[in-house]
Amino acid sequence: MKRLMNLRPSKATAFFLGVLPFLIIGVFYIVASDLRLAENPNDKLLPSLSSFAEAVDRMALTPSKRTGELLFVNDTSASLQRLGLGVLISAVLALLIGIPLGFIPFVRAGLSPFVAALSMVPPMAILPILFIVFGMGELAKVALIVIGVTPLLVRDLQQRVSEIPAEQLIKAQTLGGSSWTIVLRVVLPQIMPRLFDSVRITLGTAWIFLISAEAIAATEGLGYRIFLVRRYMAMDVILPYVAWITFLAFMIDYLLKKSTQKLFPWYSGAKEKE
Amino acid sequence: MSLITIKNLWKEYGDNVVLEKLTLNIEKGEFCTLVGPSGCGKTTFLKMLLGQERPTRGTFLLDGEIFPDEPSIERGIVFQRYSVFENLTVFGNVMLAMELKESKFLGRLFGAKKAQAKKDALEILEAVGLGSSVNKYPSELSGGMQQRLSIAQSLVNKPKILLLDEPFGALDPGIRADMHALILDLWKKHNLTVVMVTHDLHESFYLGSRLLVFDKVREDVHAPNRYGAKITYDIPIGDGETIMTKLHQTIEKGEK
């Protein structure tokens, strides 16, 4: 018998093992839900699958009586817009700040301690300030994402820029590049796929800030809906919403990964060698 | 006038003397190989030629003028690692060389200039044997091919000196022999001036037209950094058998 650490599952076994936890959770839920509902048909904590179907139908397929809109579609598009805008602004800011910070010693000397200190400020603690300054509108919510995510991206990009091998930067200088053209032709193109990578990692954080901001002040949005229906203990709405948010997060991550491969075909090969 | 003029050159880091009292001229068209034990300052010397380091004191002239104290277009370099840009294809790497040289704002060329650069790029790639891999990315190339590309990238801008920092150290022996043939061929055809650091003695004799040996002459066991390295042997290398006789003569002279 080989050591456990040397045993490798076949493809089919690996797939089965991967699906197994989902199946266990699913079965466990159905059994637990049935048990609770048998005891008390009005139990709200673990709704049956049929009440999920009803809730999805009510939220996603039937127009709201009050506004005539599909609440679920509204919520999703509002949240995705905030998230997309927040992350996009953060990414642009990260490039504008992170590259000079990693590349120009004078900028690093001047700004590095400041950025390090700034990134220690807990964004949720300044959320009230954002609401006071930007009002309760869209701006405050987007601003929270930007404030929460930008420092993480900046520090990561700064690190990545300073990891570009000195050999490459010297070579570029011997080819006649100036600081500016080297940023444009060497640093920026090499850093772009790494920006995509760090956006993927920080997306989880961005979701946290989005849902928190929506929970506190919003009139639509996925986070808003979850916190609204919490008052009625409407698990039949909350759980599908959570599943949907998880799915969205997964899809965004997947799309970013795919577009990194598509846009920067050299990147995976270069990474393997390191 | 010599291409490189060095007189009484010292390099120190604080109390640590790396090179002392170096005097040497390098003429246009020479192929100098630098050898010596590790820590003897040959890499520091190359870095000074490159502009990465400055001499502490002494005369250090390129074409009669003071060396620019940062890497510049007069000097081409091929490193052992990270010598090409991985985000660009083989063709893109060579184009980048000309684009960085010619275009000061966008770092890109357009129109007739681009067409000309394209022609030059393909020509040099053909010359280094990469004519059939122009659209590949560096990660798809072998180590030897990457070094070919790095050489092409430097040569296309026609530097006054080509500096080689152990460029073939990481290659297999067979491929290394191919690279030797290539660099000698390019050296003769383009009348290059080459300064190469290597730790392979065979390579240094085979390639160089002049061999410079760096070593410490004086040693103080209580203060190993008190004395720096000097050029202990400066051996002109001719063809074939004359090499060994000259070598013996020089060594004997050195021993006396």
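Residues numbered from 1 in each chain as written. Chains lettered and ligands numbered in written order. Predicted model: local features only at pLDDT ≥ 70, side-chain atom pairs only at ≥ 80, totals over all residues. Heavy atoms only, no water.

Overview of helix α6 (residues 138-163) of chain A
Argument step 1. Taking 1.5 Å of rise per residue, 26 residues should cover 38 Å, and α6(A) covers 37 Å from first to last C-alpha, within 8% of that figure.
Argument step 2. The largest bend in α6(A) amounts to roughly 30 degrees and is located at A:Val149, with the proline A:Pro151 lying one to four residues further along. (Helix = DSSP H or I, 4+ residues; strand = E, 2+ residues; numbered from the N terminus. Expected span 1.5 Å × (residues − 1). Bend = angle between axes of the 7 residues up to and from the residue.)

Some remarks on the state of the cysteines
All names here are of chain B.
Argument step 1. A complete count under the given rule lists 0 disulfides over all chains for this structure.
Argument step 2. Unpaired in terms of disulfides, Cys 32 finds its nearest cysteine sulfur in Cys 40, a separation of 15 Å.
Argument step 3. Relative accessible area serves as the criterion here: at 0%, Cys 32 is assigned to the buried category.
Argument step 4. You can call Cys 40 buried: its relative accessible area is 3%. (Disulfide = S-S within 2.5 Å. Buried < 20%, exposed > 50% of the residue type's maximum accessible area, 1.4 Å probe, protein only.)

As for empty space enclosed by the protein
Residue and element names in this part refer to chain B.
Argument step 1. Applying the stated rule across the entire model yields 1 cavity of 30 Å³ or more.
Argument step 2. Of the volumes computed, that of the largest cavity is approximately 50 Å³.
Argument step 3. In terms of lining residues, the largest cavity is bounded by Glu 166, Phe 168, Gly 169, Arg 176, Thr 198, His 199, Asp 200 and Glu 203.
Argument step 4. Its residues assigned to classes, the lining of the largest cavity shows 1 nonpolar, 3 polar and 4 charged. (1 Å grid on protein atoms, 1.4 Å probe; cavity = no way out; pocket = protein on both sides within 12 Å on 5 of 7 lines; lining within 4 Å. Points joined across faces, edges and corners; volume = space filled by probe spheres on them. Nonpolar A, V, L, I, M, F, W, Y, C, P; charged D, E, K, R; others polar.)

Description of helix α1 (residues 42-50) of chain B
Argument step 1. Of all the 9 residues making up α1(B), 7 are buried; the element is thus mostly covered by neighbouring parts of the structure.
Argument step 2. In the stretch just after α1(B), B:Gly51 is the one whose phi turns positive, near 100 degrees.

Let's talk about a nonpolar patch on the surface
Argument step 1. A cluster of nonpolar side chains, A:Ile129, A:Ile132, A:Val133, A:Phe134 and A:Leu139, forms an exposed patch at the surface whose accessible area comes to about 520 Å².
Argument step 2. Tracing the backbone shows A:Ile132 in helix α5 (residues 127-134). (Patch = residues over 30% accessible without salt bridge, like charges linked within 9 Å, V, L, I, M, F, W, Y side chains within 5 Å. Areas by Shrake-Rupley, 256 points an atom, 1.4 Å probe, with all protein chains shown as cover. Salt bridge = Lys/Arg side-chain N within 4 Å of Asp/Glu carboxyl O.)

Function cannot be read off these values alone, since they describe shape.
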